[in-house]
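For reference, the chains in residue letters:
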Amino acid sequence: MTTGPQLFTGPGDLHLHSNHSDGTEAPARVMRQAHAAGVRTAALTDHDRTTGWHEAGDAAVALGMTFVPGMELSAKHEWRSVHVLGYLFDPADAALSAETDRIRGDRIGRAERIVRSISRDYDLTWDDVLAQTAEDATVGRPHIADALIARGIVRDRTEAFDGILHPREGYYEPHYAPDPLTAVRLITEAGGVAVIAHPVTAGRDRMMPLAFIERLIAAGLGGFEIDHRENTAQGKALLREIAARHDLIVTGSSDYHGAGKPNRPGENTTSDEMIARLIERGTGSAPRYP
Ligand code: AMP
Ligand code: FE
Ligand code: FE
Ligand code: ZN
């Protein structure tokens, strides 16, 4: 294996999902799609799961890309769902694995409760959802959306999320997730770099309070995912200011989910300088080079 900064030059997309969570494509195919879109450094960041790393890494290096192992860890601040991207952590870390096991386990019962509730009003069964879920995938509302599509109840995931899966419709159930401070500490203590995913999406109340963000920084937060299609322009400006003040890493990525979302690989990218800083700082696992 060779290493060197010249090997990770080119567009970096550090937020991609496969069917090990709620993406619609196998890890190798995700890497091929990213490569075809011009991406040259790619991270696989499935929700609460790292099982796609091996396949994705093999595919990425075969295509001449640099592979950065990652994950999107589910967390919760009060009632807000917060996603914490972790990069280059040790996937065998006991504390982090125990937490992801707990989250994934709880997501199953939660999805079953949502489906039971929907089934009172619509023709939908748990088997329909299982049919849409790759073996052992981190199950989520997107899989329920796919089951609703297969039943002809909605046209696509967007329609499902705007309707039946929206909390206002009354079928929503939360799942267990750690506090963001715990999430940041677990990733950092596993040798990884924690980056808050899409921190400033529309709807003011969806952003964590600034004082709490300062606490995350004090706890070891590595950076923010700023260039993401769901962040607001105002929010991005604010985060850039905070990142500059604390000398944090800033990333840009697509949050590709295959056919599950309109997001395309490479639609937002991370600079070589920021990728270098991430790789410098993450010590729990190694990037893979072509
Ligand atoms: P869950 O974690 O089970 O509550 O589901 C949240 C996931 O649903 C997120 O990771 C997104 O990838 C996905 N999601 C949220 N909104 C939409 C949408 N409008 N269209 C497609 N996928 C969505
Ligand atoms: Fe997702
Ligand atoms: Fe997310
Ligand atoms: Zn994501």
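Preceding this section is the structure that the text describes.
Below is a summary of the structure that appears in this document. All values reported here derive from a predicted model rather than from experimental measurement. (Residues numbered from 1 in each chain as written. Chains lettered and ligands numbered in written order. Predicted model: local features only at pLDDT ≥ 70, side-chain atom pairs only at ≥ 80, totals over all residues. Heavy atoms only, no water.)

Moving on to the overall build of the chain. Each helix and strand counted, the chain has 10 helices and 7 strands in total. For the chain, whose C-alpha radius of gyration is 18 Å, the value lies close to the compact-globule estimate of 19 Å for 290 residues. C-alpha extents for the chain along the principal axes are approximately 55 × 45 × 35 Å. In the chain, 31 side chains carry a positive charge and 41 a negative one; their mean positions are 3 Å apart. (Helix = DSSP H or I, 4+ residues; strand = E, 2+ residues; numbered from the N terminus. Rg over C-alpha atoms; globule rule 2.2 N^0.38 Å. Lys, Arg positive; Asp, Glu negative; His and termini not counted. Charge placed at Lys NZ, Arg CZ, Asp CG, Glu CD.)

In this section: the coordination of the zinc ion (ligand 4). The coordination sphere of the zinc ion (ligand 4), as far as protein atoms go, consists of His15 (NE2), His17 (NE2), Glu72 (OE) and Asp255 (OD), spread over 2.1 to 2.2 Å. Classification of the site at the zinc ion (ligand 4) as irregular follows from its 4 donor atoms and the range of 77 to 168° in their angles at the metal. Between the zinc ion (ligand 4) and the iron ion (ligand 2), a spacing of 4.4 Å is present. Of this pair, His17 sits in the loop between β1 (12–16) and α1 (27–36) while Asp255 sits in the loop between β7 (249–252) and α10 (272–281), and the two are 238 residues apart along the sequence. (Donors = N, O, S within 2.8 Å, 3.2 Å for Na, K, Ca; no water. Tetrahedral: all angles 85-135°; square planar, octahedral: opposite > 155°, others 65-115°.)

Next up on the list: the site of ligand 1. The local shell around ligand 1 holds 13 residues, among which His47, Arg107, Arg110, Arg141 and His257 are the closest. Contact between ligand 1 and His47: an oxygen atom at 2.9 Å from a side-chain N or O atom of the residue. Look at ligand 1: alone it shows 500 Å² of surface, and the protein chains cover 83% of it. Placement of ligand 1 is best described as lying within the largest pocket. (Near = heavy atom within 4 Å. Polar contact = N/O pair within 3.5 Å; in protein donor to acceptor, adjacent residues only side chain to side chain. Areas by Shrake-Rupley, 256 points an atom, 1.4 Å probe, with all protein chains shown as cover. 1 Å grid on protein atoms, 1.4 Å probe; cavity = no way out; pocket = protein on both sides within 12 Å on 5 of 7 lines; lining within 4 Å. Sits in = over half its atoms within 2 Å of the grid points.)

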